[in-house]
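Each chain is listed here by its residues.
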Amino acid sequence: MQTEAIQAFVSVCDRGSFQSAAEALHLSQPTISKRLAALETRLGHELFDRVGRGVALTEAGRAYLPHARELLAVIQDGARALDNLHADTAGPLRLALSHHVGLHRMPDVLRAYIARYPNVAPEIAFVDSEAACRSVVNGERELAVITLPSPAHPGLVEDCIWHDPMSVFVGRDHALATAESVAATDLAAYPAVLPPVESYTYAIIADALGAAGLDIAPRMTSHYLETLRMLAGVGIGWTVLPTSMEHPELARLELPGVAIQRRLGAIRHPRRSLSNAARALLTMLDARREPSARA
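Definitions and cut-offs
Residues numbered from 1 in each chain as written. Predicted model: local features only at pLDDT ≥ 70, side-chain atom pairs only at ≥ 80, totals over all residues. Heavy atoms only, no water. Helix = DSSP H or I, 4+ residues; strand = E, 2+ residues; numbered from the N terminus. 1 Å grid on protein atoms, 1.4 Å probe; cavity = no way out; pocket = protein on both sides within 12 Å on 5 of 7 lines; lining within 4 Å. Points joined across faces, edges and corners; volume = space filled by probe spheres on them. Nonpolar A, V, L, I, M, F, W, Y, C, P; charged D, E, K, R; others polar. Salt bridge = Lys/Arg side-chain N within 4 Å of Asp/Glu carboxyl O. Buried < 20%, exposed > 50% of the residue type's maximum accessible area, 1.4 Å probe, protein only.

K.L.:
Can you lay out the environment of Ala206 for me, pointing to particular residues and giving the numbers?
P.N.:
Among the structural elements, Ala206 can be located in helix H8 (residues 200–211). Sequence separation of Ala206 and Ala217 is 11 residues, and the distance between their C-alpha atoms is 9.5 Å.

Take a look at the structure:
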């Protein structure tokens, strides 16, 4: 019962309301309320301020939340350890993929994986790389394949699988598209459309262009690189994309002395057991590791 109450607490925190948590857990709202009341009684603290239809964490709730997440993760870890006693590679695979990696790097991997392990049931969340890291830290996902953070996340183990060179692109009608030579500082005169400033990819771009003397201030942002490609193509601003995303509507700029590159790969928690399904996927990814990505 205590585990169910903790699960209800975390679900309300993640979804922002009792009703949304009840729907996610396939329970009634009164059941969620009853479990939370029992947990608060057991802990001796109110965890939520209930204001109208909304809820907000109390100071006690904020203090307890990371421990609640860790408790649930430990329980899941124990269940995986027992499941791993069986030789079969089967059961759920709780995986997070970033949008770009999921669309451009993982289809062939997943196709081969599903064919080889038909008894695995992938549960895939397509999220931003930053959210994927949080989900692995919190124990919500056992594995994520994403843009790796730079510097590396201090609480996670990473396996670089691919290097992803990036380039600056402008629309074909952009003033710089036909320039004989372009320096990074020339971009300052024009608006940019880039990933969100809190993203790993933005940090990589900002570091590389900053080293060349350019401080960037994007006009618009989007996590979706396909959206940035479209915005640059219609002339709203210059952008930075994986070089592999070259498009007829774009012109790639060669900036002397500027090299922009992301690292793509898998992250996992060092203190939690991986399921046989997750271990099998890591083995398959390792077989596809680019030579340049090997340590």
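K.L.:
Give a detailed account of empty space enclosed by the protein, specifying residues and quantitative values.
P.N.:
Taken as a whole and judged by the stated rule, the model has 3 cavities of 30 Å³ or more. In this structure, the largest cavity encloses a volume near 200 Å³. In terms of lining, the largest cavity is formed by 17 residues, of which the most central are Ser129, Thr147, Thr201, His223 and Arg262. Going through the elements one at a time, helix H5 (99–104), helix H7 (129–137), H8 and helix H9 (225–233) are the ones with two or more residues in the lining of the largest cavity. Tallied by class, the residues present in the lining of the largest cavity amount to 5 nonpolar, 8 polar and 4 charged.

K.L.:
Lay out the pattern of salt bridges with the relevant residues and their values.
P.N.:
Oppositely charged side chains may form a pair once their charged atoms are brought near each other. Evaluation of the coordinates by the stated rule reveals 14 salt bridges. A salt bridge links Arg105 to Glu290, with the nearest nitrogen and oxygen atoms 3.8 Å apart. Placement of the pair is Arg105 in the loop between H5 and helix H6 (107–116) and Glu290 in the segment after helix H10 (276–287), with a sequence separation of 185 residues. Residue class for Glu290 comes out partly exposed when judged on its relative accessible area of 24%. With its nearest N and O atoms 3.1 Å apart, the salt bridge here joins Glu246 to Arg252. Classification of Glu246 as partly exposed rests on a relative accessible area of 45%. With relative accessibility at 36%, the residue Arg252 sits in the partly exposed group. The structure contains a network of salt bridges with shared partners spanning Arg105, Asp164, Arg262 and Glu290.

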